Amino acid sequence: MDYDSIFKKLTRGAKFDRKKYREDAENLGIIPKKAPKLEENIKEDDPKKGIFVTNMNAEDDSTYPLLSDFNGVNKAIKNNLKEVLRWENPTRIQMAAIPILRAGKNCVCTAATGSGKTGAFMIPVIEKLLKIGRKNIKDTLFTIVLSPSRELAEQIGGVGRALARGLWPKISDTSQSDRNIQSCHILCGTPNRIINMLDSKELDLSKCQMIVLDECDKMLEITNKLNPDDPKSFSAQVNILRSQEWVLF
Ligand SMILES: Nc1ncnc2c1ncn2[C@@H]1O[C@H](COP(=O)(O)OP(=O)(O)OP(=O)(O)O)[C@@H](O)[C@H]1O
């Protein structure tokens, strides 16, 4: 699958209705029609039954068991979950999305506001960094998280820093100093700010392994800032991310 064209489709002004997200995503060709679903694993009476998580890798029809608790999470992160954030158990979206992200699959996930989506992608991304190791990662930017507003980017950065407290991975957002931004491993920001930083060569995405689009339905409303036909656009510049991991929330 050509992920650059997925991104172009996403940014071409198609609007998603959250309720029929899967249907829209299938009709747009963003996810394959026979992509495995996980919704069936969610009990009918579960208040979060509106969640939808799918692995976009059509050739892979393995099912990923739900994460039942935080016991299998990296010990240091687990400690921060308990001591810093005071999260005792994963939410449904975390249960469903973490195993798929751990397996390095591209995925599309939706869940209600306040259902814990930030942790659903931040926990496995930090785990991945710890697994690869500081020596191999050095100071390269590993993941970018795009969100529709600056406030949201700061909030996501804050959750990331809480999860990684006392650990080496550096999580920054575009409200932080240039020095912090340029040496971080996970950067959260709005598309506009990231495009400006790419234009002024303040940011290098050449080693970036993963792109997370948070609130991607809202991101579609800012398509004018993401014109894929403009050679300076973000979409044009992320061509280098073509074969990397994509996670849409
Ligand atoms: N596993 C968990 N246990 C307890 N609280 C959690 C857990 N995961 C997230 N939370 C808390 O739930 C709240 C909502 O989380 P978060 O902002 O990630 O949700 P969201 O789905 O991204 O919401 P939004 O759509 O508004 O961005 C936060 O206060 C967060 O600290």
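Residues numbered from 1 in each chain as written. Predicted model: local features only at pLDDT ≥ 70, side-chain atom pairs only at ≥ 80, totals over all residues.

The protein chain has the name ATP-dependent RNA helicase in an unreviewed UniProt entry, where Oikopleura dioica is given as its organism. The UniProt entry for the protein chain carries the following text under Catalytic activity (unreviewed entry): "ATP + H2O = ADP + phosphate + H(+)". The heading Function (unreviewed entry) in the UniProt record of the protein chain holds the text "RNA helicase." (UniProt positions renumbered as here; feature names shortened; annotations may be inferred.)

Q: Just to check I follow, could you spell out the overall build of the protein chain for this structure?
A: In terms of regular secondary structure, the protein chain is built from 11 helices and seven strands. When the 249 residues of the protein chain are sorted by exposure, 42% land in the buried category. By sequence separation, contacts in the protein chain at least 24 residues apart represent 70% of the contacts at least 6 residues apart. (Helix = DSSP H or I, 4+ residues; strand = E, 2+ residues; numbered from the N terminus. Buried ≥ 20, exposed ≤ 12 C-beta atoms within 10 Å, placed from the backbone. Contact = placed C-beta atoms within 7 Å.)

Q: Please clarify how unusual backbone geometry should be interpreted in this entry.
A: Excluding glycine, most residues fall at negative phi; most peptide bonds, likewise, are trans. Even without a glycine there, the phi angle at Arg-86 is positive, about 60°. Its location among the elements puts Arg-86 in the loop between α3 (75-85) and α4 (92-102). You can call Arg-86 exposed: it has 7 C-beta atoms within 10 Å.

Q: What's the story with the confidence of the model for the protein chain in this structure? I'm lost.
A: Residues at a pLDDT of 70 or more form 64% of the protein chain, whose mean pLDDT is 76. Note on residues 1-19: pLDDT is under 50 here. Beyond four places in sequence and across chains, it has 36 contacts. Segment residues 235-243: pLDDT under 50, and 20 contacts once partners within four positions in sequence are set aside and those in other chains are kept. (pLDDT = per-residue confidence, 0-100.)

Q: I keep staring at the pairing of strand β5 (residues 186-189) and nothing clicks. Help me out?
A: Strand residues, when the strand is regular, have side chains that alternate between the two faces of the sheet. Where burial is concerned, the two faces of β5 agree: the one with Ile-186 and Cys-188 and the one with Leu-187 and Gly-189 are both buried. Two strands pair when backbone bridges link them, and strand β3 (residues 143-146) and β5 are joined in this way by four bridges, in the parallel orientation. The partner of Ile-144 across the bridge, within β5, is Leu-187. (Pairing = 2+ DSSP bridges.)

Q: Hey, could you run me through the environment of Lys-170 in this one?
A: Mapped onto the elements, Lys-170 comes out in the loop between α7 (150-163) and β4 (171-173). The exposure class of Lys-170 is partly exposed, given the 19 C-beta atoms found within 10 Å. Dropping the residues within four chain positions of it, Lys-170 is found in contact with Ser-183, Cys-184 and His-185.

Q: What exactly am I supposed to notice about the site of the ligand here?
A: Residues in close proximity to the ligand include Trp-87, Pro-90, Thr-91, Gln-94, Ala-111, Thr-113, Gly-114, Ser-115, Gly-116, Lys-117, Thr-118 and Gly-119, which together make up its full environment. The element best represented in the shell around the ligand is helix α5 (residues 117-132), accounting for three residues. Partitioning the shell around the ligand into residue classes produces three nonpolar, eight polar and one charged. (Near = placed C-beta within 6 Å. Nonpolar A, V, L, I, M, F, W, Y, C, P; charged D, E, K, R; others polar.)

Q: What should I look at first to understand the packing of α4 against α5 in this one?
A: Helices that pack against each other are described as a pair by the angle of their axes relative to one another and the distance between those axes. Between α4 and α5, the least distance of the axes is 9 Å, while the angle of their chain directions is 30°. As judged from the angle between their axes, α4 and α5 are roughly parallel. In the packing of α4 onto α5, the handedness of the crossing is right-handed. Residue-level inspection shows Ile-93, Gln-94, Ala-97, Ile-98, Leu-101 and Arg-102 of α4 in contact with α5, the latter providing Lys-117, Gly-119, Ala-120, Phe-121, Ile-123, Pro-124 and Glu-127. (Axes fitted to C-alpha atoms, helices over the stretch in contact; angles between N-to-C directions. Parallel < 35°, antiparallel > 145°, perpendicular 65-115°, else oblique. Left-handed = near helix turned anticlockwise from the far one by under 90°.)

Q: Got a minute to help me understand the pairing of β3 in this structure?
A: A two-sided burial pattern is seen for β3, the buried positions comprising Thr-143 and Val-145 on one face and Ile-144 and Leu-146 on the other. Judged from the four bridges that link them, β3 and strand β6 (residues 210-213) form a sheet pairing that is parallel. Following the sheet pairing, Ile-144 is matched in β6 by Ile-211.

Q: Whenever I open this one, α4 confuses me. Can you help?
A: The α-helix winds at 3.6 residues per turn, so residues separated by three or four positions along the chain end up facing the same way. Across the 11 residues that make up α4, a large majority, 10, are buried. For α4, every residue scored as buried is listed here: Arg-92, Ile-93, Gln-94, Met-95, Ala-96, Ala-97, Ile-98, Pro-99, Ile-100 and Leu-101. Gly-104 sits one or two residues past α4 and shows a positive phi near 75°.

Q: Help me understand the environment of Ile-126 in this model?
A: Secondary-structure assignment places Ile-126 in helix α5. Between the C-alpha atoms of Ile-126 and Leu-167, which are 41 residues apart in sequence, the distance is 9.5 Å.

Q: What am I meant to see in helix α9 (residues 191-199) here?
A: Residues of α9 that are buried include every one of Pro-191, Ile-194 and Ile-195, and no others. One face of α9 carries all of its buried residues, which in axial projection span an arc of 100°. In the segment just after α9, Lys-201 is the residue with positive phi, at about 60°. (Arc of directions from axis to C-beta.)

Q: Explain the packing of α5 against α7 to me, please; I cannot follow it from the model alone.
A: At a minimum axis separation of 10 Å, α5 and α7 run at an interaxial angle of 45°. The orientation of α5 with respect to α7, classified from their angle, is oblique. For the element pair α5 and α7, the recorded crossing hand is right-handed. On α7, the residues that touch Thr-118, Gly-119, Met-122, Ile-123 and Ile-126 of α5 are Ile-156, Val-159, Gly-160 and Leu-163.

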